[in-house]
Amino acid sequence: IRSISVRMFMSDCDMVAKVFFLAVVPNEKRNSILEKFNELHNKWRWINFYIDEDNEITARIEAVFFESNVVEVCDVMLSKIINITDECYPELMKVLW
């Protein structure tokens, strides 16, 4: 069973949740995976996939919160990034295989 690790970063009233190292992108698959990212971004407005400086796929969600709703926003972000990443992972892997 593959597991993912989610990291959350906060500053002021901004919050970012990231999933690092979903996969390594070989140079010859770079254009194909970027096309897949565009498809996924059109389908899932909450999430952003990108290739980091180590050629790894990273997923990211951002949100703004208030002191009164920080717990609820964290809960929603965590749920969204896990569920969307889990659903998108097979599509990403089809491109890389």
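Conventions we followed
Residues numbered from 1 in each chain as written. Predicted model: local features only at pLDDT ≥ 70, side-chain atom pairs only at ≥ 80, totals over all residues. Heavy atoms only, no water. Phe/Tyr/Trp six-rings, centres within 6.5 Å; stacked < 30°, edge-to-face > 60°. Helix = DSSP H or I, 4+ residues; strand = E, 2+ residues; numbered from the N terminus. Buried < 20%, exposed > 50% of the residue type's maximum accessible area, 1.4 Å probe, protein only. Contact = heavy atoms within 4.5 Å. Core = buried A, V, L, I, M, F, W, Y, C linked by side-chain atoms within 4.5 Å.

**Some thoughts on the packing of aromatic side chains**
Under the definition given, this model contains 1 aromatic pair. Here phenylalanine 37 and phenylalanine 49 contribute two aromatic rings whose centre-to-centre distance is 6.0 Å and whose plane-to-plane angle is 20°, an arrangement assigned as stacked. Taken together, the residues phenylalanine 37 in helix α1 (residues 30-43) and phenylalanine 49 in strand β3 (residues 48-51) connect sequence positions 12 residues apart. Considered together, phenylalanine 37 and phenylalanine 49 belong to a single accessibility category, that of buried residues.

**Overview of the side chain of threonine 85**
By secondary structure assignment, the location of threonine 85 is in helix α2 (residues 70-96). Look past the residues within four positions of threonine 85 in its chain and what remains in contact with it is Ile4, Val19, Leu22, Ile47, Ala59 and Lys80.

**Details of the nonpolar core**
Side chains that are nonpolar tend, in soluble globular proteins, to be buried together. Counting residues in each nonpolar core, the largest one holds 28 residues, and the members touching the most others are Ile33, Ile47, Phe49, Ile57 and Leu92. Those elements that place two or more of their residues in this core are β2 (14-19), α1, β3, β4 (57-64) and α2. The element contributing the most residues to this core is α2, with 10 residues. Leucine 92 has contacts with Ile33, Lys36, Phe37, Leu40, Phe49 and Ile57, leaving out every residue within four places of it along the chain.

**What about the environment of aspartate 54?**
Mapped onto the elements of the fold, aspartate 54 is located in the loop between β3 and β4. For aspartate 54, a relative accessible area of 49% puts it in the partly exposed group. Once the C-alpha coordinates of aspartate 54 and leucine 22 are considered, the two residues, 32 residues apart in sequence, prove to be 12 Å apart.

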